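# Residue-level structure breakdown
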Amino acid sequence: MRKVIVIAMLLLVGPGIAISYSQENVIVDETGIMRWGASGEEVHGFGVNYTVPFAHAYRSAEKLGVDPRKAIDEDVYHFARLGFDAYRVHVWDTEISDTLGNLLENEHLDLFDYMVAEMQKRGMKMLLTPIAFWGNGWPERDTWTPGFSHKYGKGACLTNEDAIKAQENYLAQFLNHVNPYTGKAYKDDPRVIAFEVSNEPHHRQPADSVQRYVTRMVQAMKSTGCVKPIFYNISHGINYMDEYFEAGIDGGTFQWYPTGLGAGEELKGNFLPNVDRYAIPFDKHEAFKKGAKVVYEFDAADVGRSYIYPAMARSFRSSGIQWATHFAYDPTYLAYANTEYNTHYMNLQYTPQKALALKIASEVFHQVPLYADYGRYPQNTSFDDFTVSYERDLAVLNSEEQFIYTNHNEIAPKNPKQLKHVSGWGNSPIVQYEGTGAYFLDVIAPGVWRLEVQPDAVWVSDPFGKNSLDRKLSEIIWRTRSMKVNLDQLGPDFELKPINEGNNWQAEVNKGSFEVRPGTYFLVKKGAKLKVSPEEVWNNIRLNEFVAEKSTIDQTYVLHELVEFVEPGMELVIKATVVTEQKPEKVTLLTYDGWRPVRIEMTQKHGFAYEASIKGEMIKDGILRYYIQVDGQIFPSGVAAEPGDWDFDAEPYTVSVVDPKEPLYLYNALQDNEEVSRVWKPSSYVAPSSQPGKGELVLKIDELFIVDGENPSAEPIYDYSMRYHFGDRLDTRSLEDFKQLTLVGRNLKEGNVPIQIAMVMKDGSTYGQTIELGSKDDYCVLLSELKPVRMVTLPRPYPTFLPYYFEGSRVSHFDLKEMETLQISIGPGLTEKEQKQSFEIAIESVRLE
């Protein structure tokens, strides 16, 4: 029976401002649920990993001349706005220890202590992982560090006796360390709810060795008198489940990267099937059922959209997860370049829609019951007060008192008269806002609301590529923007009062509409008395707090994704994101009707988005050429010129105008290979052809099934699949006359090999057919012959024990207009003998005819 300790705490949010709260130590009950010891209530926690005190983030602060304490203060304020109450980090032990495991009192540890104290002032709880095993380099090269991890490396740390003794020493000293900013040792701090021994140990040694190692780590921590739950990573090496729990752990930690890691570019398509459920194959294990479950890291890596996080949170709760921390929140001073972990990207100012999705996910964690079952996708896109939509890139919380959304929507609030909080991006029935930053509205007193408006943010480059501190991926722009607030509790007649330091903005309110600048404001209903002071504490913030980067933009951008082709006579809508510091006087589309120049004014739609239509009669056989002019600049070149100038020589945007009878290429190996999702094979490559624009993806697969070192007892699945998102290519073609799917490829070995070719609809419904790939080139399948087949979840997720195939709640009727992804598989149709063979095939293209 664990000892229960109840402690009353007084936390200072700012000078002379205090928040009082009471919490107890955490216990794990006999059903594996973490509970507060005195009250018996379930523990909930949702938040982020954040790494300013260590490694690249710390070095970059020095390089950029940033005060890391000030940076922490500002980011932690944003954590409060986003509703985060949980924090986790794998501490870079290599920077705060020596080779014997002695804790070093240095700048990294001091900054870590400071950060923890600042988070606690906002009401956050901690799950700390004292050992990371990592070097301090990523994404740079490792440098020398004094710690045991640097001396021994991860592998030896798990087996070498001297390394193990160093870890025992270090763990005891870390837990006994008194944080000078809280006055408490971490083992005794009631806001530190639990410890995870180490980060992703990746055991590969004999089972008895694993048990001895884990036992010694747990005993070292308990030798300090620590009574908090102690967790161990069990998602890496699930074959050691017995040994982990026999070693005395209180629960297991998990990760989830449902879209893999390191795509090198933004992934396109619907990934709700990938997060449909967090299936734990060992959930019936007797010891596991009695252990608590937390997720130390998760992200939909390389996905730039906002719909997915609440669905992940739902799946976590359905699997009994009580705690989850996103990996990783970008320090704001690094977010312009996203250098820390380029496969992740999260920051309230630079990724406002994604951050709002995390805010909604936090509410999922605190509202959805453990083990609640909402069915399978697409049935489960609405659950309790929450909605997610891939098609609209939208996540929504619509409850009696809260209305939070990540994108434009027309959803009616459930109870407008009872609303206490609204936050969002874009337009809704409550707020119409033309900016591209997040905003927050909170009722403070009868007739008084607090409004916070963040500046505009725009991605000007793919943030998931090869990044550098010398290259901006996102811009922050301070613009005066129009806003309309429709709150029953305010009515159309209210006053706008700026309250944050340095904010002198004044604007008249006309029927709920006004001009606004980034900042914090009181909205005061006509006739209401303002009795609150801007300096007062409200929940875990001061009312007049405001944090935002200053404007960063120093050039004009025109961001425009070309369509590849269009058909004669088909109207073409040109969309562009025009990013300027001040609103341009005019944005014009310049094109030609024959040889006659035509100017079409582009209309501002929302934020920096502009549109114009080229009429069908101007779309004729050949090449369509056009420019976008922003005041005096011509794009795509960006030169200051006019097409009528005698020396004008700028390259235009071009679109091929193709006959409706021409095939529609869904995949071309030479052009599209970089965007293919598949398990990497070192012997596979793209072989260019002597014919321009042609090449082959050569796939050499020695084994269809390879034993997974982290899940060696998994049922064999003999399949190798690849995925390519082609969705945008269907938008500018007439699809009615296409009758067949043609794959151009060949078997590079003797004989034939069955290959499944399939297309995936937007809701995950998948239709395909198996062909016998031989030595010839073209293989045709009638669309009418395509049958429902299984969708492979690609990119492959971490942990690797998650389901290989997606099985939804329904299969929709075949609809070519809804298709968006190509799936090609080696595996379906193979005999048991053939499954054990090696394969060598080449794929050149896939087209509709």
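Residues numbered from 1 in each chain as written. Predicted model: local features only at pLDDT ≥ 70, side-chain atom pairs only at ≥ 80, totals over all residues. Heavy atoms only, no water.

Here the focus is the overall build of the protein. From N to C terminus, the protein includes 13 helices and 55 strands. Taken over the C-alpha trace, the protein has a radius of gyration of 29 Å; the compact-globule value for 849 residues is 29 Å, and the two agree within 12%. C-alpha extents for the protein along the principal axes are approximately 80 × 80 × 50 Å. Taking all 849 residues of the protein together, 60% fall into the buried category. Considering only intrachain contacts with a sequence separation of at least 6, the fraction spanning at least 24 residues in the protein is 71%. (Helix = DSSP H or I, 4+ residues; strand = E, 2+ residues; numbered from the N terminus. Rg over C-alpha atoms; globule rule 2.2 N^0.38 Å. Buried < 20%, exposed > 50% of the residue type's maximum accessible area, 1.4 Å probe, protein only. Contact = heavy atoms within 4.5 Å.)

The mixed open sheet is built from nine strands, whose spatial order is S15-S16-S17-S18-S19-S21-S22-S28-S26. Only two strands of the sheet have a single neighbouring strand rather than two, namely strand S15 (382-383) and strand S26 (494-498). Direction of pairing for strand S17 (residues 394-398) relative to strand S18 (residues 402-405): antiparallel, over a ladder of three bridges. For valine 396, the partnering residue across the bridge sits in S18 and is tyrosine 405. Helix H2 (residues 68-81) rests against strand S21 (439-445) and strand S22 (448-453) of the sheet, and its axis sits at about 130° to S22. Across the sheet, helix H12 (residues 352-367) is in contact with S15, strand S16 (386-389), S17, S18, strand S19 (421-424) and S21; its angle to S18 comes to roughly 135°. (Pairing = 2+ DSSP bridges. Axes fitted to C-alpha atoms, helices over the stretch in contact; angles between N-to-C directions.)

Below, the discussion takes up the pairing of strand S10 (residues 192-196). Of all five residues in S10, five are buried; the element is thus mostly enclosed. Where S10 meets strand S11 (residues 230-233), two bridges bridge the pair, whose relative direction is parallel. Bridging from a neighbouring strand, phenylalanine 195 pairs with isoleucine 230 of S11.

Attention now goes to helix H1 (residues 55-64). Listed in full, the buried residues belonging to H1 are Ala55, His56, Ala57, Tyr58, Ser60 and Ala61. Looking one or two residues beyond H1, the residue adopting positive phi is glycine 65, at roughly 70°.

A few words on empty space enclosed by the protein. Within this structure, the stated rule accounts for three cavities of 30 Å³ or more. One number sums up the size of the largest cavity: a volume of about 120 Å³. Along its surface, the largest cavity is lined by Trp256, Pro273, Asn274, Asp276, Arg277, Arg376, Thr793, Pro797, Leu802, Pro803, Tyr805 and Phe806. A class-by-class count of the residues in the lining of the largest cavity yields seven nonpolar, two polar and three charged. For the second largest cavity, the calculated volume is near 90 Å³. Considering the residues around the second largest cavity, the lining is formed by 13 residues, among which Asn270, Arg723, Val760, Met791 and Thr821 are closest to the centre. When contributions to the lining of the second largest cavity are tallied by element, the ones reaching two or more residues are strand S48 (753-761), strand S52 (791-792) and strand S54 (819-826). (1 Å grid on protein atoms, 1.4 Å probe; cavity = no way out; pocket = protein on both sides within 12 Å on 5 of 7 lines; lining within 4 Å. Points joined across faces, edges and corners; volume = space filled by probe spheres on them. Nonpolar A, V, L, I, M, F, W, Y, C, P; charged D, E, K, R; others polar.)

It is worth spelling out the packing of aromatic side chains at this point. Applying the stated criterion across every chain yields a total of 47 aromatic pairs. Where phenylalanine 174 meets tyrosine 186, the ring centres are 5.5 Å apart and the plane angle is 10°; that geometry is what we call stacked. On the criterion of sequence distance, the pair formed by phenylalanine 174 in helix H6 (residues 161-176) and tyrosine 186 in the loop between strand S9 (184-185) and S10 is long-range, its members being twelve residues apart. The same class applies to phenylalanine 174 as to tyrosine 186, namely buried. Across from the ring centre of phenylalanine 383, 5.4 Å away, lies the NZ or CZ of arginine 314, which sits over that ring. (Phe/Tyr/Trp six-rings, centres within 6.5 Å; stacked < 30°, edge-to-face > 60°. Lys NZ or Arg CZ within 6 Å of the ring centre and 35° of its normal.)

Moving on: helix H5 (residues 148-157). Along H5, the positions that sit buried rather than exposed are Phe148, Ser149, Tyr152, Lys154 and Cys157. Here the buried residues of H5 occupy an arc of 155° about the axis, which is enough to place them on one side. The secondary structure elements touched by the buried residues of H5 are helix H3 (93-96), H6 and helix H7 (207-222). (Arc of directions from axis to C-beta.)

Before going further, it helps to examine the sheet that holds strand S25 (residues 481-485). Here three strands make up an open sheet; going across it, the order is S20-S25-S27 and the pairing antiparallel. One side of each edge strand has no neighbouring strand; the edge strands of this open sheet are strand S20 (431-433) and strand S27 (513-516). With strand direction ignored, the average angle separating the axes of adjacent strands in the sheet is 20°. In this structure, S25 lies alongside S27, joined through four bridges in antiparallel fashion. Residue pairing for S27: methionine 483 is matched across the bridge by phenylalanine 514.

Turning to the packing of H5 against H6, a few remarks are in order. In a pair of packed helices, the angle between the axes and the distance between the axes together describe the arrangement. Contact geometry of H5 with H6 gives a least axis separation of 9 Å together with a crossing angle of 110°. As far as their axial angle goes, H6 and H5 are roughly perpendicular. The handedness of the crossing between H5 and H6 comes out as left-handed. Two secondary-structure elements touch here, H5 through Phe148, Tyr152, Ala156 and Cys157 and H6 through Asp162, Ala163, Ile164, Ala166, Gln167 and Tyr170. Its residues assigned to classes, the contact of H5 with H6 comprises eight nonpolar, one polar and one charged. (Parallel < 35°, antiparallel > 145°, perpendicular 65-115°, else oblique. Left-handed = near helix turned anticlockwise from the far one by under 90°.)

If you add up the space inside the second largest pocket, you get close to 1600 Å³. Along its surface, the second largest pocket is lined by 49 residues, and Val679, Arg796, Pro797, Thr800 and Tyr804 are the ones closest to its centre. Looking at the lining of the second largest pocket, the elements with two or more residues in it are strand S43 (677-678) and strand S46 (720-725). Residue classes in the lining of the second largest pocket are distributed as 26 nonpolar, eleven polar and twelve charged.

Moving on, we come to the pattern of salt bridges. Between side chains of opposite charge, a pair can form when the charged atoms approach closely. Summed over the entire model, instances satisfying the criterion amount to 41 salt bridges. Measuring nitrogen to oxygen at the nearest pair gives 2.6 Å for the salt bridge that ties lysine 70 to glutamate 74. A residue pair is termed a helical-turn pair when its members lie 3 or 4 positions apart in one helix, as lysine 70 and glutamate 74 do in helix H2 at four residues. Taking relative accessible area as the criterion, glutamate 74 reaches 24% and is therefore assigned partly exposed. (Salt bridge = Lys/Arg side-chain N within 4 Å of Asp/Glu carboxyl O.)

By themselves, these are just geometric observations and shouldn't be taken as functional.
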